[in-house]
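Per-entry structural report
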Amino acid sequence: MLGKGIAKGLAETARNFFGSFVAEERLTTVQFPDERLIQPEATRVFPFLVYDGADSEMGLRCVACKICEVECPPKCIYIDKSAGKKPDYAGKQQFFPDKFDIDVSVCMSCQICVEVCPFDAIKMDTAFELSTDDRFAGLMWPKERLARSNSYYHSIHPAEATEVDAQLAEKKAKAEAKPVAGAAAAR
Amino acid sequence: MNSPFFILAALTIFGASAAMTLRNMVHCTLALSICFIGIAGLYLNLGAQFLGLAQVLVYVGAVVILIVFAILLTRSGELPSPRPSRAVYGIIVAAPTFGILAWAMLTGATVPVQPQAHIDQIGRVMMHHYLLPLEIVGLLLTAALIGAVVIAMEEKQSTK
Amino acid sequence: MTQAVDQVFVTLKHSAVFHSPTELQPAVSILLSIVPVLVVFPSLFAVTTILERKGLARIQNRYGPNRVGPFGFLQPLADGLKSLTKEDIVPASADKLVHFLAPLLLVMTAFLEYSILPIGRNMIVADLDSGVVFFFAVSAAMELSIFMAGWSSRNKYSLLGAMRAVAQMISYEAPLILSSVCVIMAAGSLSTVQIVEKQAGYSGIWPHWYVLTPWGFGGFALFMIAATAESNRSPFDLPEGESEIIAGYFTEYSGFKFALFFLGEYLGMFAITGLGITLFLGGWAAPFSFLTWVPSWIWFFAKLLVLIGVFIWIRGTLPRLRMDQLMNFAWKFMLPMALVVILSAGIWRFMPAGVLRWLVCAAPILAGYLFIGRILSGGQGLEKRIYRFAE
């Protein structure tokens, strides 16, 4: 009958109108920035460097192996290896980066640097409100800007961070057990 | 002959002369609509409410829009400027017409100041005394409507 | 007491006229009739813009504007300031005089349409004997202003939009006027005051509104659809939403002239809704006999707001009609239905009151609706669509 479709449409919009005052699913707006959506854990924006403990220089996990610099598709990572060495989480002496710059205006958030890093030193951050008024220098982030503590990593990616900590503890235990075993085998 | 009459008459004459002399055809049409509104005002001034409002409704609302559509759909653009030799023929036709109309108005019968033409009286008269002219006008309009539809249909078929 | 509140504006005006010097009395009387119209209806326009945006937003699962003022209700102030301070761009090849006059003519005719609407008991600007014809005459002049706007912009899209707008408006004038003819027949007068007074009685608690008769209901439905088309409102807003980027006949207008076009369009919508209320919904008469203590002007504005809400509801629901669908609807459906409604109104007048009169008058309208509707859809029903490549 002529007009039946219109009547059904009008009923639906009326239901939407009155429902928007009472039901959650009929008013789906999230008023950013006053309200925010909960981001899933695997959210990624730009990379950051993890350091253990409180000292961002001494606890930095990165050993300047330069694998991420080579693997980065847009080549936005610039690393300078240091001259001397410092002890890492397991006590072994490792190189460390003198300069570690990421050009975030080029970075495409592909996460390849995270996937190839053998030392769990570079991970993806979730902060996205990053406006700056300097197009070039403001978007070339140095090591100081990129270094964040392990507790920060726990706060943004808890499950991942716990897993990484477990793996690192296992490696540390194995490394400590080896000299003992070596000493025992040498005897 | 009170002051509203002079103002409305001036408006009507201004509109009509602008419609004659303007170059752009759409400007002429708009000036013609001013002329029609002036005529409607003259009717209202005489107390014929329904006639004045029907004048606006029919002339400004339908006839002017018809002219406008005709201009738009045929895209004639600017009028050619009138050559002086043609003005003589215009005067030859217009002057006797003006003379006859002026003689008829000045020597004709006078009209009462407040005609008693309420809408129900107009309706009654149309249905009793002027029934035949009403039906003939209706037939004429229907013929025009059917003619327009037939012409449009033929054009559509010829373009297919 | 209720009588005093009902007539408060009338008594205020009379005392103001009485206390002014004799030479100025006609001028004061005219001003005091006109200025409230000039103040009330643009403020209603401002309120309607924000109500419409919030209403449409709620229908579309979102908030409307809610930053300016409490719940966004001062948004019209922000919009007004914005349109006042924008640069007024006139195209170089545009017809300057006509381009300037078009919005003025639109707003002028829109305001003229309010002069014959009875807003309350004894509250009308001009009690003309043929008020209804005056309204239609002025709305015909409104169409001319839309054509002027489209033509003067020297833009082929504006011209196309203007042509379509004028074609739409003149096609829907025929059902509009014919559906008001049935009311004029029943009331026996063209004067809006008389039409409302004929509807102001009650039998029991039920009012004598014309919408509560079969021909009145059909006429009211036709009138409201034609009113939506006359004010270029969704779903008939093809002239102004044409491809949604090019705004049709007011493409080349910016700043305050654009705001004037919007004002003129909304005022036209209120005026034609007001006429519909006057003709069919009893004007300022209360809906039930026990509610007559509420002042008459409150009833008029309440009915106006309800109908504006219905317009907003329809706008949020229906998609836009195409030009040929629109014209088909006007000429092939609404015009025959309007004639059937007039027939039904005529039968109503000559039959004695009772159930038989209801049945005899409702039958042609229902039959017409069903059969013309069936013919219009060409006999094909709407089947469920099959998407070949989606499965």
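If you're wondering where the values come from, they're calculated on a predicted model, not measured in any experiment.

Now for the overall build of chain B. Of the regular secondary structure elements, chain B holds six helices and zero strands. Evaluated residue by residue, chain B yields a buried proportion of 21% over its 160 residues. For chain B, long-range pairs separated by at least 24 residues make up 59% of all intrachain contacts whose partners lie at least 6 apart in sequence. Carbon and sulfur atoms make up 75% of the accessible area of chain B, which amounts to about 11800 Å² in all.

Another aspect to go through is the interface of chain B and chain C. Listed as interface residues are 22 residues of chain B and, on the opposing side, 25 residues of chain C. For the pair chain B and chain C, the summed buried area comes to about 1900 Å², and 80% of that belongs to carbon and sulfur atoms. By the criterion of area lost to chain C, the three top residues of chain B are Leu-53, Leu-57 and Leu-72 of chain B, representing 27% of everything that side buries. Where chain B packs against chain C, one counts zero salt bridges. Where chain B touches chain C, the interface holds three residue pairs in polar contact (both at pLDDT 80 or more). Looking at the side of chain B that touches chain C, the elements that each hand over two or more residues are α2 (25-45) and α3 (49-74) of chain B. If you tally residues by element for the side of chain B that touches chain C, the top one is α3 of chain B, at 14 residues. For the side of chain B that touches chain C, the per-class residue count stands at 15 nonpolar, six polar and one charged.

Along an α-helix, residues three or four apart share an orientation, since each turn contains 3.6 residues. Across its 17 residues, helix α5 (residues 96-112) of chain C extends 25 Å between first and last C-alpha, which sits within 8% of the 24 Å expected from 1.5 Å per residue. The largest bend along α5 of chain C reaches roughly 25° and is located at Ala-102 of chain C, with the proline Pro-103 of chain C sitting one to four residues downstream. On its buried side, α5 of chain C packs onto α2 of chain B together with α3 (25-59), α6 (131-152) and α11 (256-279) of chain C.

At the junction of the two partners, chain C supplies 17 residues and chain A supplies 18 residues. Carbon and sulfur atoms make up 62% of the area that chain C and chain A hide from each other, which totals about 1600 Å². Contact with chain A buries surface across chain C, with Arg-58, Asn-61 and Tyr-63 of chain C losing the most and accounting together for 37% of the total. Between the two partners, chain C and chain A, sit one salt bridge. In this structure, the salt-bridge partner of Arg-67 of chain C is Asp-34 of chain A, at a minimum N-O distance of 3.3 Å. Counting every contact that joins chain C to chain A gives 10 residue pairs in polar contact (both at pLDDT 80 or more). Sorting the residues of the side of chain C that touches chain A by element identifies α3, α12 (296-317) and α14 (355-376) of chain C as the ones contributing at least two each. Looking at side-chain class alone, the side of chain C that touches chain A contains eight nonpolar, six polar and three charged residues.

All names here are of chain C. The geometry of α5 relative to α6 is characterised by a closest axis approach of 8 Å and an angle of 160° between their N-to-C directions. Judged on the interaxial angle alone, α6 and α5 are roughly antiparallel. In the packing of α5 onto α6, the handedness of the crossing is left-handed. The segment α5 lies against α6, with Val-98, His-99, Leu-101, Ala-102, Leu-105, Leu-106, Thr-109, Ala-110 and Leu-112 engaging Phe-134, Val-138, Ala-141, Met-142, Ser-145, Ile-146, Met-148, Ala-149 and Ser-152. Its residues assigned to classes, the contact of α5 with α6 shows 14 nonpolar, four polar and no charged.

A few words on α14 of chain C. All names here are of chain C. Its 22 residues give α14 an end-to-end C-alpha distance of 31 Å, which sits within 8% of 32 Å, the value for a rise of 1.5 Å per residue. At Ala-362, α14 shows its largest bend, some 25°, and a proline, Pro-364, comes one to four positions later. Among the residues of α14, those classed as buried are Arg-357, Cys-361, Ile-365, Gly-368, Ile-372 and Gly-373. Packing partners of the buried residues in α14 comprise α9 (214-230) and α13 (323-350).

With that settled, the discussion passes to the pattern of salt bridges. In total, this model carries 18 salt bridges over all chains according to the counting rule given. Between Asp-237 of chain C and Arg-320 of chain C there is a salt bridge, and its shortest N-O distance comes to 2.7 Å. In this pair, Asp-237 of chain C sits in the loop between α9 and α10 (238-241) while Arg-320 of chain C sits in the loop between α12 and α13, placing the two residues 83 residues apart along the sequence. Owing to a relative accessible area of 7%, Asp-237 of chain C belongs among the buried residues under this scheme. Each of the salt bridges in this network shares a partner with another, and the network as a whole consists of Glu-12, Arg-15 and Arg-26 of chain A.

This part covers the layout of surface pockets. By volume, the second largest pocket amounts to about 2300 Å³. Around the second largest pocket, the lining comprises 48 residues; the ones closest to its centre are Leu-2, Gly-3 and Ile-6 of chain A together with Phe-329 and Tyr-369 of chain C. Those elements that place two or more of their residues in the lining of the second largest pocket are α1 (4-22) of chain A together with α9, α12, α13 and α14 of chain C. Top contributing element to the lining of the second largest pocket by residue count: α9 of chain C, with nine residues.

Let's shift gears to the packing of helix α7 (residues 156-187) of chain C against α9 of chain C. Residue and element names in this part refer to chain C. Packing of α7 against α9 brings their axes to within 9 Å, and their N-to-C directions diverge by 150°. Regarding the angle of α7 to α9, the classification is roughly antiparallel. Between α7 and α9 the crossing geometry is left-handed. Seen from α7, the contacting residues are Gln-168, Met-169, Tyr-172, Glu-173, Leu-176, Ser-179, Ser-180, Cys-182, Val-183 and Ala-186; seen from α9, they are Trp-215, Gly-219, Leu-222, Phe-223, Ala-226, Ala-227, Ala-229 and Glu-230. Here the residues of the contact of α7 with α9 are counted per class, giving 12 nonpolar, four polar and two charged.

What follows is about the confidence of the model for chain B. Residues of chain B with pLDDT of at least 70 account for 84%, and the chain-wide mean is 84. By mean pLDDT, helix α5 (residues 119-128) of chain B is the weakest element of chain B at 85, and helix α1 (residues 3-21) of chain B is the strongest at 93.

A few words on a positive patch on the surface. Residue and element names in this part refer to chain A. Together, Lys-81, Lys-85, Lys-92, Lys-171, Lys-174 and Lys-178 line one region of the surface with positive charge. Of all the elements, helix α6 (residues 158-186) adds the most residues to the positive patch, at three residues. Structurally, Lys-174 is set in helix α6.

No other pair of the two pairs of chains in contact has as many contacts as chains B and C. At the C-alpha level, the nearest point of chain A lies 27 Å from chain B, with no contact between them.

Following the criterion strictly, the structure yields 28 aromatic pairs over all chains and no others. Centre to centre, the rings of Phe-41 of chain C and Tyr-114 of chain C are 4.1 Å apart; their planes meet at 25°, and the pair counts as stacked. With Phe-41 of chain C in helix α3 and Tyr-114 of chain C in the loop between α5 and α6, this residue pair connects regions lying 73 residues apart in the sequence. Accessibility assignment for this pair places Phe-41 of chain C and Tyr-114 of chain C in one class, buried. Residues Phe-41 of chain C and Phe-301 of chain C carry aromatic rings whose centres are separated by 5.9 Å and whose planes lie at 40° to one another, so their mutual orientation is tilted. With a gap of 260 residues between them, Phe-41 of chain C in helix α3 and Phe-301 of chain C in helix α12 connect regions that are remote in the sequence. Taken together, the aromatic side chains of Phe-41, Phe-111, Tyr-114, Phe-300 and Phe-301 of chain C make up a single cluster linked through ring pairs. Across from the ring centre of Phe-95 of chain A, 4.8 Å away, lies the NZ or CZ of Lys-85 of chain A, which sits over that ring. The cationic tip of Arg-148 of chain A hangs over the ring face of Tyr-152 of chain A; the distance from NZ or CZ to the ring centre is 5.1 Å.

Cut-offs applied
- Residues numbered from 1 in each chain as written.
- Chains lettered and ligands numbered in written order.
- Predicted model: local features only at pLDDT ≥ 70, side-chain atom pairs only at ≥ 80, totals over all residues.
- Heavy atoms only, no water.
- Helix = DSSP H or I, 4+ residues; strand = E, 2+ residues; numbered from the N terminus.
- Buried < 20%, exposed > 50% of the residue type's maximum accessible area, 1.4 Å probe, protein only.
- Contact = heavy atoms within 4.5 Å.
- Areas by Shrake-Rupley, 256 points an atom, 1.4 Å probe, with all protein chains shown as cover.
- Buried area = accessible area lost by both parts, 1.4 Å probe.
- Salt bridge = Lys/Arg side-chain N within 4 Å of Asp/Glu carboxyl O.
- Polar contact = N/O pair within 3.5 Å; in protein donor to acceptor, adjacent residues only side chain to side chain.
- Nonpolar A, V, L, I, M, F, W, Y, C, P; charged D, E, K, R; others polar.
- Expected span 1.5 Å × (residues − 1).
- Bend = angle between axes of the 7 residues up to and from the residue.
- Axes fitted to C-alpha atoms, helices over the stretch in contact; angles between N-to-C directions.
- Parallel < 35°, antiparallel > 145°, perpendicular 65-115°, else oblique.
- Left-handed = near helix turned anticlockwise from the far one by under 90°.
- 1 Å grid on protein atoms, 1.4 Å probe; cavity = no way out; pocket = protein on both sides within 12 Å on 5 of 7 lines; lining within 4 Å.
- Points joined across faces, edges and corners; volume = space filled by probe spheres on them.
- pLDDT = per-residue confidence, 0-100.
- Patch = residues over 30% accessible without salt bridge, like charges linked within 9 Å, V, L, I, M, F, W, Y side chains within 5 Å.
- Lys, Arg positive; Asp, Glu negative; His and termini not counted.
- Charge placed at Lys NZ, Arg CZ, Asp CG, Glu CD.
- Phe/Tyr/Trp six-rings, centres within 6.5 Å; stacked < 30°, edge-to-face > 60°.
- Lys NZ or Arg CZ within 6 Å of the ring centre and 35° of its normal.

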